[in-house]
Amino acid sequence: MFEGLWRSATGAEIRLLQCGDAVSGTYTAKPTERDAPLRCRMLVGAVKGDNIGFVTSSAASRSIKSWTGHLFQDDAADAPELHAVCHATDWSMPQPDHPRTVTLTTIVFRKAAP
């Protein structure tokens, strides 16, 4: 159900392999700065019905991202969509900046290839 290549409108990609309730694969985000390299990160997680959760590191050092998403398969849509929330933590900032070390974002991935 989740296996394949998924792509967001910003160009981020997740490539998933599914074996039962287990998922693994890669997450690739476009760099936010010109000099930052495009990096592919391993991910691992689990599936329960139409829901998925996985964890990956991010390109920034000392940070990690966790994702929770729900699969939408609308008959009128040309491809299934994965609506996800990303929770990112970053331990590289000094203690007074702690509120900025945790971010939440939403993203929609569309299935690009099986």
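In what follows, the accompanying structure is described.

Cut-offs applied
Residues numbered from 1 in each chain as written. Predicted model: local features only at pLDDT ≥ 70, side-chain atom pairs only at ≥ 80, totals over all residues. Heavy atoms only, no water. Helix = DSSP H or I, 4+ residues; strand = E, 2+ residues; numbered from the N terminus. Buried < 20%, exposed > 50% of the residue type's maximum accessible area, 1.4 Å probe, protein only. Contact = heavy atoms within 4.5 Å. Areas by Shrake-Rupley, 256 points an atom, 1.4 Å probe, with all protein chains shown as cover. Phe/Tyr/Trp six-rings, centres within 6.5 Å; stacked < 30°, edge-to-face > 60°.

A count of helices and strands for the protein chain gives zero helices and eight strands. Seen in sequence order, the protein chain has helices and strands lined up from the N terminus as β-β-β-β-β-β-β-β. Each of the 114 residues in the protein chain was classed as buried or not, and the buried ones make up 30%. Restricting the contact set of the protein chain to residue pairs at least 6 apart, pairs at least 24 apart contribute 38%. Counting only carbon and sulfur atoms, one obtains 56% of the accessible surface of the protein chain, whose full area is about 7,300 Å².

This brings us to the packing of aromatic side chains. Each pair of aromatic rings is reported with the distance of its centres and the angle of its planes. Inspection of the entire model under this criterion finds three aromatic pairs. A centroid spacing of 5.2 Å and a plane angle of 50 degrees characterise the contact between Tyr 27 and Trp 67, whose relative ring orientation is tilted. Separated by 40 residues along the polypeptide, Tyr 27 in strand E3 (residues 22-29) and Trp 67 in strand E6 (residues 63-72) bring together distant segments of the chain. Here the aromatic rings of Trp 67 and Phe 109 are separated by 5.9 Å at their centres, their planes lie at 65 degrees, and the arrangement is edge-to-face. Highlighted residues: Trp 67 in strand E6 and Phe 109 in strand E8 (residues 102-113), separated in sequence by 42 residues. Each member of the pair, Trp 67 together with Phe 109, is buried. Connected via pairs of aromatic rings, a cluster forms that spans Tyr 27, Phe 54, Trp 67 and Phe 109.

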